[in-house]
Amino acid sequence: MTRRVAVLGATGLVGQRFVSLLAKHPWFEIALLAGSERGCGRKYGEVVKWVLEEPMPSALGDMVIEKLEPERISKEQVDIVFSALPPEVAVDVEVELAKKGIVVVSNASPMRMEPDTPLLNPEVNADHVEVLELQRRIRNWNGGIVKVPNCTTSILTLSLKPLVDEFGVRRVIVSSMQAISGAGLTGLPAVIIADNLVPFIEGEEEKVQSESIKILGEVSEKGVALNKEIKVSASCHRVNVLEGHTLSVFVELRRSASVSELVEAMKEFKSNKIKNLKLPTAPLNPIIVRNESDRPQPRLDRFEGKGMSVVVGRIRRDEEVGLVKYIVLGHNTIRGAAGNGVLIAELLVAKGLA
Ligand SMILES: NC(=O)c1ccc[n+]([C@@H]2O[C@H](COP(=O)([O-])OP(=O)(O)OC[C@H]3O[C@@H](n4cnc5c(N)ncnc54)[C@H](OP(=O)(O)O)[C@@H]3O)[C@@H](O)[C@H]2O)c1
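Residues numbered from 1 in each chain as written. Predicted model: local features only at pLDDT ≥ 70, side-chain atom pairs only at ≥ 80, totals over all residues. Heavy atoms only, no water.

Student: Can you walk me through the overall build of the protein chain in this structure?
Tutor: Assigned secondary structure in the protein chain consists of 11 helices and 15 strands. The C-alpha atoms of the protein chain give 20 Å as radius of gyration, which agrees with the globular expectation for 354 residues (20 Å, within 12%). Viewed in the frame of its principal axes, the protein chain has a C-alpha envelope of about 60 × 50 × 35 Å. By residue count, 56% of the 354 residues in the protein chain fall in the buried class. Within the protein chain, residue pairs in contact and separated by at least 24 positions form 77% of the contacts whose partners lie at least 6 positions apart. When the accessible surface of the protein chain is split by element, carbon and sulfur atoms take 49% of a total near 15100 Å². Across the protein chain, the mean location of the 45 positive side-chain charges is 2 Å away from that of the 45 negative side-chain charges. (Helix = DSSP H or I, 4+ residues; strand = E, 2+ residues; numbered from the N terminus. Rg over C-alpha atoms; globule rule 2.2 N^0.38 Å. Buried < 20%, exposed > 50% of the residue type's maximum accessible area, 1.4 Å probe, protein only. Contact = heavy atoms within 4.5 Å. Areas by Shrake-Rupley, 256 points an atom, 1.4 Å probe, with all protein chains shown as cover. Lys, Arg positive; Asp, Glu negative; His and termini not counted. Charge placed at Lys NZ, Arg CZ, Asp CG, Glu CD.)

Right under this line is the structure:
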């Protein structure tokens, strides 16, 4: 069962999460770390500016960082590559690796909206993994590229899934309060975000709107068909929080539901899609519902389910406007990035695709 894996962009924020999750993983073994010119040829422990709450895995401190060149990465060396690269760097490298027969699980945005490319949030749409076969056929690859959704989108769609299944959803309006870590290790200078809020994140609203209806879509002969029955409108904002994206969500349902029915649907959601697969990173409860009027809060709730659960609170109905509304919080570099990436890789292994 053991698979040898590589992490590209291993020194970044998402890369560090991958390293931390994979170092103690029962199925995966880190065989290669790759990064930018800055670190290549040097020891990981000497190059990385480790910022996670738990110590850097000591066994990896001496691993030498490889130069990011697809020709240096072979199928004999690694079975699965986790990519935590910036989009412009990822785009060609990932395709080259897929051509070489390697399966790439990527956090970078290019290709997320391609119909033949699985965009997976496993509890929501694990069945979309089957389009990987179509991708291999169309593109003549032996490997493949599977995408991890945008962080806000992963958190949103997980919370929406029970509502879509139980009551039907017509419209979603979401306003996000996104953590600083979402912008990467060097992304947002303190002088900009300290004591502040930035009401714009480039490209984010478009990603939430388009990726959500792909994740909630269905597999067709031509790949994943978007769910055009659901309209999503997003407004995205950066706030002075280290980790954990909080979303204020307003939903128009197709069938009316009481608050207790909504709470029940969220609490009981276990995901038929993966529950029998016993994936090590799948949280017992993907959605945790809090009853207190002042929860969820990022500092208190972001590590629920080891960062893989989303936490929902303040579920209520607005009778006047005809919407239900709630707050959902999720850990952006775990549920929204590396944790979801590891869960996807487990799904691929369980399905015999990697
Ligand atoms: N942060 C989040 O919450 C989040 C959530 C979802 C998706 N994502 C996506 O995940 C990816 C990584 O995000 P991040 O937040 O971890 O960014 P980050 O902290 O800036 O890390 C980027 C990583 O890529 C490496 N890199 C940069 N340029 C390179 C090059 N030319 N060649 C090789 N390696 C290069 C960096 O190496 P050096 O350290 O040597 O510069 C670093 O390891 C991005 O595509 C991002 O959009 C991030």
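And the narrative resumes.
Student: Can you walk me through the pattern of salt bridges in this structure?
Tutor: Any two side chains of opposite charge can pair, given that their charged atoms come close. Under the counting rule described, the total for this entry stands at 25 salt bridges. Here Lys-43 and Asp-62 are joined by a salt bridge, their closest N and O atoms 3.8 Å apart. Taken together, the residues span a long stretch of sequence, with Lys-43 in the loop between strand E2 (28-35) and helix H2 (44-47) and Asp-62 in the loop between H2 and strand E3 (66-67) at a distance of 19 residues. Linking Glu-292 and Arg-290 is a salt bridge whose minimum nitrogen-to-oxygen distance equals 2.5 Å. Under the relative-accessibility criterion, Glu-292 is labelled partly exposed at 31%. Among the charged side chains, a salt-bridge network with shared partners connects Glu-37, Glu-66, Lys-67, Glu-69 and Arg-72. (Salt bridge = Lys/Arg side-chain N within 4 Å of Asp/Glu carboxyl O.)

Student: Explain the environment of Leu-22 here, please?
Tutor: Positionally, Leu-22 belongs in helix H1 (residues 13-23). Note on Leu-22: relative accessible area 1%, which makes it buried. Not counting residues within four places of it along the chain, the set of residues in contact with Leu-22 comprises Val-5, Val-7, Phe-28, Ile-30, Phe-82 and Val-342.

Student: Sorry if this is basic, but what is going on with helix H9 (residues 259-268) here?
Tutor: Given 3.6 residues per turn, any residue in an α-helix points the same way as the ones three and four places further on. Of the positions making up H9, those classed as buried are Leu-262, Val-263, Ala-265 and Met-266. Projection of H9 onto a plane perpendicular to its axis shows the buried side chains occupying an angular sector of 165°, all on one side. Residues of H9 that are buried make contact with helix H6 (151-166), strand E12 (245-253), strand E13 (287-289), strand E14 (310-318) and strand E15 (323-330). (Arc of directions from axis to C-beta.)

Student: Got a minute to help me understand the site of the ligand in this structure?
Tutor: If you check the shell around the ligand, you find 26 residues, and the closest are Thr-11, Val-14, Ser-36, Leu-85 and Leu-185. Taking Arg-38, its side chain carries an N or O atom lying 2.9 Å from an oxygen atom of the ligand. Here an oxygen atom of the ligand and a side-chain polar atom of Asn-332 are 3.0 Å apart. The fraction of the free accessible surface of the ligand (910 Å²) that becomes covered by protein chains is 78%. Mapped by element, the contributors of at least two residues to the shell around the ligand are H1, helix H3 (87-99) and helix H11 (334-350). The residue makeup of the shell around the ligand, split by class, is 13 nonpolar, 12 polar and 1 charged. Viewed by domain, the shell around the ligand spans two of them, domain 1 (3-150 + 338-350) and domain 2 (151-331), each represented by three or more residues. (Near = heavy atom within 4 Å. Polar contact = N/O pair within 3.5 Å; in protein donor to acceptor, adjacent residues only side chain to side chain. Nonpolar A, V, L, I, M, F, W, Y, C, P; charged D, E, K, R; others polar. Domains from an automatic or database assignment.)

Student: Just to check I follow, could you spell out the environment of Glu-88 for this structure?
Tutor: With respect to the helices and strands, Glu-88 occurs in helix H3. The spacing of Glu-88 and Ser-109 is 21 residues in sequence and 9.1 Å in space, taken between C-alpha atoms.

Student: Quick question: what am I supposed to make of the pairing of strand E4 (residues 80-83) here?
Tutor: Both faces of the sheet carry side chains from a regular strand, because those side chains alternate between them. Every second residue of E4 is oriented toward a common face, with Ile-80 and Phe-82 on one face and Val-81 and Ser-83 on the other, all of them buried. Alignment of strand E1 (residues 3-8) against E4, held across 4 bridges, turns out to be parallel. Paired with Val-5 across the two strands is Ile-80, which belongs to E4. The pairing of E4 with strand E5 (residues 103-106) spans 4 bridges and is parallel. Within E5, the position partnered with Val-81 by the bridge is Val-104. (Pairing = 2+ DSSP bridges.)

Student: I'm lost on the packing of H1 against H11 in this one. Help?
Tutor: Remark: H1 packs on H11, axes separated minimally by 9 Å, with the N-to-C direction vectors making an angle of 45°. Here H1 is positioned oblique relative to H11, judged by the angle of their axes. Note on packing geometry: the crossing formed by H1 with H11 is right-handed. The segment H1 lies against H11, with Val-14, Arg-17, Phe-18, Leu-21 and Leu-22 engaging Ile-334, Ala-337, Ala-338, Gly-339, Gly-341 and Val-342. Partitioned by chemical class, the residues of the contact of H1 with H11 number 8 nonpolar, 2 polar and 1 charged. (Axes fitted to C-alpha atoms, helices over the stretch in contact; angles between N-to-C directions. Parallel < 35°, antiparallel > 145°, perpendicular 65-115°, else oblique. Left-handed = near helix turned anticlockwise from the far one by under 90°.)

Student: For this particular structure, what's the right way to read the domain arrangement of the protein chain?
Tutor: How big an interface is tends to be expressed through the accessible area that disappears when the partners come together. One can read the domain layout of the protein chain as domain 1 (3-150 + 338-350) and domain 2 (151-331). Put simply, the middle of domain 1 and the middle of domain 2, counted by C-alpha atoms, are 24 Å apart. Facing 37 residues of domain 1, the contacting portion of domain 2 comprises 42 residues. For the pair domain 1 and domain 2, the summed buried area comes to about 3100 Å², and 65% of that belongs to carbon and sulfur atoms. Sorting the residues of domain 1 by area buried against domain 2 places Glu-123, Val-124 and Asn-150 first, and these three jointly supply 27% of that buried surface. Viewed at the interface, domain 2 and domain 1 are joined by 3 salt bridges. One can count 17 residue pairs in polar contact (both at pLDDT 80 or more) joining domain 1 with domain 2. Counting only elements with at least two residues in the side of domain 1 that touches domain 2, the list comes to H1, helix H4 (122-125), helix H5 (131-139) and H11. (Buried area = accessible area lost by both parts, 1.4 Å probe.)

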